Structure formats: C-alpha cells, structure tokens
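A structural walkthrough
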Amino acid sequence: MAGRQAARGQEDNATMTIEIRNLTKSYQTGEFDLQILKGISFSVKDGELCAIMGPSGSGKSTLMNILGCLDTPTDGEYLLDGENVATFDETRLAQVRNRKIGFVFQSFNLLKRTTALDNVALPLLYAGVEPHERHERAIAALNAVGLGDRVDHKPNQLSGGQQQRVAIARSLVTTPSLILADEPTGNLDSRSSVEVMDIFQRLNSQLGITVMFVTHEPDIAEYTRRVLRIRDGYLGADEAIHEPRSAAAELAARTEVIPFPATV
Ligand SMILES: Nc1ncnc2c1ncn2[C@@H]1O[C@H](COP(=O)(O)OP(=O)(O)O)[C@@H](O)[C@H]1O
Ligand SMILES: [Mg+2]
C-alpha cells in the first residue's frame, strides 16, 4: 500500500476516479416506470474524500451500487478511472469489484460464524491469493483499523463499531484505490462514528485512497471536503467544506473513560 502514497494525493492535476454523465436509473414496477435517478452528472478526482447526502428514498444506495459496479444504470455513462464501465464484461467487472473498489455497508455484512481474520481474508481467497499471504495481509489490514488484538473474535464478540472496522479492513485488504461506503455510521454510536471517520481520513490522506460515503448526519459529512446532495433524482448541490473536522483531533481530545474498578 505504501507505494501508492507518492503517486496519489490531493494535487490539482489528479486524474478522475469517477465521472458520471447524465446517469439515470428506473425500476419497472407493474405498468409504471419508477424513475429514481433522473440524470446525475459529477466527477470525483483521485484522492478526494466526499460525502453523499439526501432524503431517505432519494436514490443514494442506488447510486452507490452503480458506482460500486454492483448495479447498472438505465442510461448515461459511468467512467471509472477513465474507462467506460458499460464496456466491461463479467470477468472485468468481478476484477474491478475485487481489486479496485472496496465497499462498506451500513449493516457490516460480515460472516457471523467466521473470525475477524477470516472475514477480512475472504476477498483474497476469491482473488486466488496463497494462504500465507492472505493471513499476513488480513493481519495488516486489521492492524490498520486498530483491531490487531481482535483477529480471532467473531462478529458477536465485537461491538458494532469494531464490526464496522472489520468490514473496513475487509474492504482495504485488496488495496483498492476507491472505497465506497453506504451509511457506514448509520448503526453506530457517536464515538464509533468518529473512529470510522478517523480511519477514512487516514486512508485518504496517508494512502491517497478516494473515499465516498453516504450519511444522513450533517456533522459526519463535515469530516470531508465535499458534500454532494441528491434531491428528487437530481444532483441538488455540490458543496465545498473549507475546514473539515479532524476525527483524529477530536478522538484525542475526548477524555478516556476509566474502567471501574480502576486497577493500578
Ligand atoms: N429493486 C428495486 N425495485 C423497485 N424499486 C426500488 C428497487 N430498489 C430501490 N427501489 C426504490 O428506489 C428508491 C430509492 O432507493 P434507495 O436508493 O435505496 O434510496 P436511499 O438509499 O436514498 O434511501 C426507493 O423509493 C426504493 O423503494
Ligand atoms: Mg440507502
């Protein structure tokens, strides 16, 4: 992952990771065509960290699934690193989903009876990586999210925040250049939410990974530099945040709760 740091960054001449043009998505329900996305265009540069907001049902997940190559648009273009996704065959799509993009869900989507380590290593198994390397890389990814001491825990032995960090480690283990997260803090308490933002901010600033996530919470969107708002099937606003919040600084400022009874 270290090699990427020099190559990526926030410089102005960064290439586009995502370019969508006049993207639409409709669902056929009975005799009606239910139009969810009605023509959305925007670009996201390599190395950006941005949030997507919008009312419930406005098509945020629909959009994220298209960006993650988990779904296809009805019309319009999607260029991923300059390549038109519509031209990808199934093999190429699987490759992109497995190597280029990491996806994080609101409900974590971990295998319940499987340890953190094996959950994280799973994408590498699919990618045909050897067992020893799978193990090493899964450990490194869990270390990167601060869970090096929880590798043998199963999801029900972890808090919601820790489960989401395992899910982020799983999205990271294939060294993607883009992480897409659909309401990653939707099921988390405030501290865990800031921890997730801390991880995203570090992955973005230290490794140059492009991160886009959906959130309902305006204060969570403020950890980014850019907020895209979806309204009535259109891009309603594209706002810059001039002074993003720093999750690391906020976590450091929070007083640690001392477990009771305190042992010395
Ligand atoms: N497979 C589907 N068939 C029909 N309608 C769908 C389907 N998936 C989503 N929708 C509808 O599309 C709209 C947008 O859904 P979604 O993208 O999940 O919104 P959001 O994530 O912004 O809450 C909703 O009204 C939803 O009911
Ligand atoms: Mg949604």
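Residues numbered from 1 in each chain as written. Chains lettered and ligands numbered in written order. Predicted model: local features only at pLDDT ≥ 70, side-chain atom pairs only at ≥ 80, totals over all residues.

**Things to note about the overall build of the protein**
Our working definition: Strands here are runs of E lasting at least two residues and helices are runs of H or I lasting at least four, both read from the DSSP assignment and numbered beginning at the N terminus. Comment: burial labels come from other C-beta atoms within 10 Å of the residue's own C-beta, placed from the backbone, where a count of 20 or more is buried, 12 or fewer is exposed, and between is partly exposed. Contacts here follow a simple rule: the backbone-placed C-beta atoms of the two residues must lie within 7 Å.
Looking only at helices and strands, the protein has 9 helices and 10 strands in total. Taken along the three principal axes of its C-alpha coordinates, the protein extends 65 × 45 × 40 Å. Counting the 264 residues in the protein, one finds 37% classified as buried. For the protein, the share of sequence-separated contacts (at least 6 apart) that also reach a separation of at least 24 residues comes to 72%.

**Thoughts on the packing of helix α4 (residues 116-126) against helix α6 (residues 160-172)**
Test applied: Convention adopted: a line fitted to C-alpha atoms gives each axis, helices being fitted over their contacting stretch, and angles between N-to-C directions are expressed from 0 to 180 degrees. To sort the angles, those under 35 degrees are grouped as roughly parallel, those over 145 as roughly antiparallel, those from 65 to 115 as roughly perpendicular, and the leftovers as oblique. A crossing counts as left-handed when the near helix is turned anticlockwise from the far one by less than a right angle, and as right-handed when that turn is clockwise. When residues are grouped by polarity, Ala, Val, Leu, Ile, Met, Phe, Trp, Tyr, Cys and Pro land in nonpolar, Asp, Glu, Lys and Arg in charged, and all others, Gly among them, in polar.
Running from N to C, α4 and α6 cross one another at 30°; their axes reach a closest spacing of 7 Å. As summarised for this structure, α4 and α6 are arranged roughly parallel, according to the angle between their axes. Remark: the crossing between α4 and α6 carries right-handed chirality. For the pair formed by α4 and α6, the contact residues are A116, N119, V120, L122 and P123 on the first element and V166, A169 and R170 on the second. In terms of residue class, the contact of α4 with α6 is made up of 6 nonpolar, 1 polar and 1 charged.

**Quick notes on the site of ligand 1**
This is how the line gets drawn: Near, for a residue, is defined by distance from a backbone-placed C-beta atom to a molecule or strand, with 6 Å as the limit that must not be exceeded.
Close to ligand 1 lie Y27, T29, L34, I36, G54, S56, G57, S58, G59, K60, S61 and T62. At the level of elements, β1 (16-29), β2 (32-45) and α2 (60-67) are the ones that each hand at least two residues to the shell around ligand 1. Residue composition of the shell around ligand 1, grouped by class: 3 nonpolar, 8 polar and 1 charged.

Geometric values such as these leave the question of function open.
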